[in-house]
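Chains, contacts and geometry: an overview
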Amino acid sequence: MSRKRTALALGMAAAGVLSVASATATATAVPRPAAGSTTVTPAGHSFKATLSGKATLKAGAVTVTCTVSVATGTVPDAPGNQNAAGPVSSPITPPTYSSCTASLPGVTPTVTTSGSWSVSMQHGSPVTATMTVPAGGLVLQTSGLANCTVTAAPSGPANVSGTWANGAAPSLTFTGATVPVTVTGGFGCPTSATTSAFNAVYKITDTTDPTQQITVGP
């Protein structure tokens, strides 16, 4: 191949690479669509979230399982229960956790929660839910053969992602949700862990009027 034809081929190849790079850059620069509208009803009603089954919090090789967990909250009064372009947030009480066991033998876990918690709902398919844990709002301590302290959201409020399902028994589900943590302690404690995986399913009941259901719509 002549030098002229070789230069032409190289130039065309370079142009092709630049075209791909340009298309990629253009594609990544496209903004995400704005969040749709959300309405949570009945406005002003109180609700209770009760754990269904078990909740697990896994940090490193240590898994803590709790079978009792409850939180309460209130749907905002109208018009605060509607958002034309985003989620609707409700304050909730710090969830309580009890009847807990640890995957390590000879270890007893205790979970303490505090601070201002909240849960927000964004209508969609599926309906997404975000539980906000305040800074240091959950502390897990173990005693016995391993004395460890696991602090969730150590540096500031943390968002825990889940999903919501409407129905005769609405549910709030967290599956492998990532929670930032710090772990301190001695032998047997997963001190290198910086995140924890949270799994739980909560059933939601309307405590203002048990004949109604808390519903998330557009």
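Residues numbered from 1 in each chain as written. Predicted model: local features only at pLDDT ≥ 70, side-chain atom pairs only at ≥ 80, totals over all residues. Heavy atoms only, no water.

**Some details on the sheet that holds strand 1 (residues 38-41)**
Going by this rule: What makes two strands pair is DSSP finding at least two bridges between them. Only DSSP runs of H or I with at least four residues qualify as helices, and only runs of E with at least two residues qualify as strands; both kinds are numbered from the N terminus onward.
Here 3 strands make up an open sheet; going across it, the order is 5-1-16 and the pairing antiparallel. Two strands lie at the open edges of the sheet, namely strand 5 (82-83) and strand 16 (215-217), each paired on one side alone. Alignment of strand 1 against strand 16, held across 3 bridges, turns out to be antiparallel. What sits directly across from Val 40, in strand 16, is Val 216.

**Description of the confidence of the model for the protein chain**
Stated formally: In predicted models, pLDDT denotes the confidence assigned by the predictor to each residue on a 0 to 100 scale. We call two residues in contact when some of their heavy atoms are within 4.5 Å.
With 84% of its residues at a pLDDT of 70 or more, the protein chain shows a mean pLDDT of 87. For residues 1-32, every residue scores under 50 in pLDDT, and the model assigns this stretch 1 contact once sequence neighbours within four places are set aside.

**Details of the pairing of strand 10 (residues 127-133)**
Formally: Relative accessibility under 20% of the residue-type maximum defines a buried residue, over 50% an exposed one, and the middle range a partly exposed one, all with a 1.4 Å probe and only protein chains included.
Burial of strand 10 is one-sided: the residues Val 127, Ala 129, Met 131 and Val 133 facing one way are buried, the residues Thr 128, Thr 130 and Thr 132 facing the other way are not. Counting the residues between successive antiparallel strands, the hairpin from strand 9 (residues 117-122) to strand 10 contains 4 residues. Note that strand 10 and strand 13 (residues 158-165) share 7 bridges and pair antiparallel. Bridging from a neighbouring strand, Thr 128 pairs with Thr 163 of strand 13.

**A short note on the state of the cysteines**
This is how the line gets drawn: Note on terminology: disulfide denotes any pair of cysteine sulfur atoms within 2.5 Å.
Inspection of every chain in the model, using the stated rule, returns 2 disulfides. The disulfide that involves Cys 66 links it to Cys 100, with 2.0 Å between the sulfurs. An S-S torsion of about 105° defines the bridge between Cys 66 and Cys 100 as right-handed. Taken together, the positions of Cys 66 in strand 4 (residues 62-74) and Cys 100 in strand 7 (residues 96-102) put the pair 34 residues apart, joining distant regions of the chain. A residue is classified by how much of its surface remains accessible, and Cys 66, at 4% relative accessible area, is buried. Judged by its relative accessible area of 16%, Cys 100 is buried. In this model, Cys 148 is linked to Cys 189 through a disulfide, with the two sulfur atoms separated by 2.0 Å. Given an S-S torsion of about -90°, the disulfide between Cys 148 and Cys 189 has left-handed geometry. Taken together, the positions of Cys 148 in strand 12 (residues 148-152) and Cys 189 in the loop between strand 14 (171-185) and strand 15 (195-206) put the pair 41 residues apart, joining distant regions of the chain. Under the relative-accessibility criterion, Cys 189 is labelled buried at 11%.

**Remarks on the side chain of Thr 56**
Take Thr 56: it is sitting in strand 3 (residues 55-59). You can call Thr 56 buried: its relative accessible area is 16%. Once residues within four sequence positions are removed from consideration, Thr 56 is found in contact with Thr 63, Val 64, Thr 65, Ala 197, Phe 198 and Asn 199.

**A short note on the packing of aromatic side chains**
Note the cut-off: Any Phe, Tyr or Trp ring, taking Trp's six-membered ring, that has another such ring centre within 6.5 Å forms a pair; planes under 30 degrees apart are called stacked, those over 60 apart edge-to-face, and the others tilted.
Counting across every chain of the model gives 1 aromatic pair. Judged by centre distance (5.6 Å) and plane angle (50°), the rings of Phe 174 and Phe 198 are tilted. Taken together, the positions of Phe 174 in strand 14 and Phe 198 in strand 15 put the pair 24 residues apart, joining distant regions of the chain. Phe 198 matches Phe 174 in its accessibility class, with the two residues each being buried.

**A word on the environment of Ser 171**
For Ser 171, the position within the fold is in strand 14. On the basis of relative accessible area, Ser 171 is assigned to the buried category, the value being 10%. When the C-alpha positions of Ser 171 and Tyr 202 are compared, they lie 5.5 Å apart, and in sequence the two are 31 residues distant.

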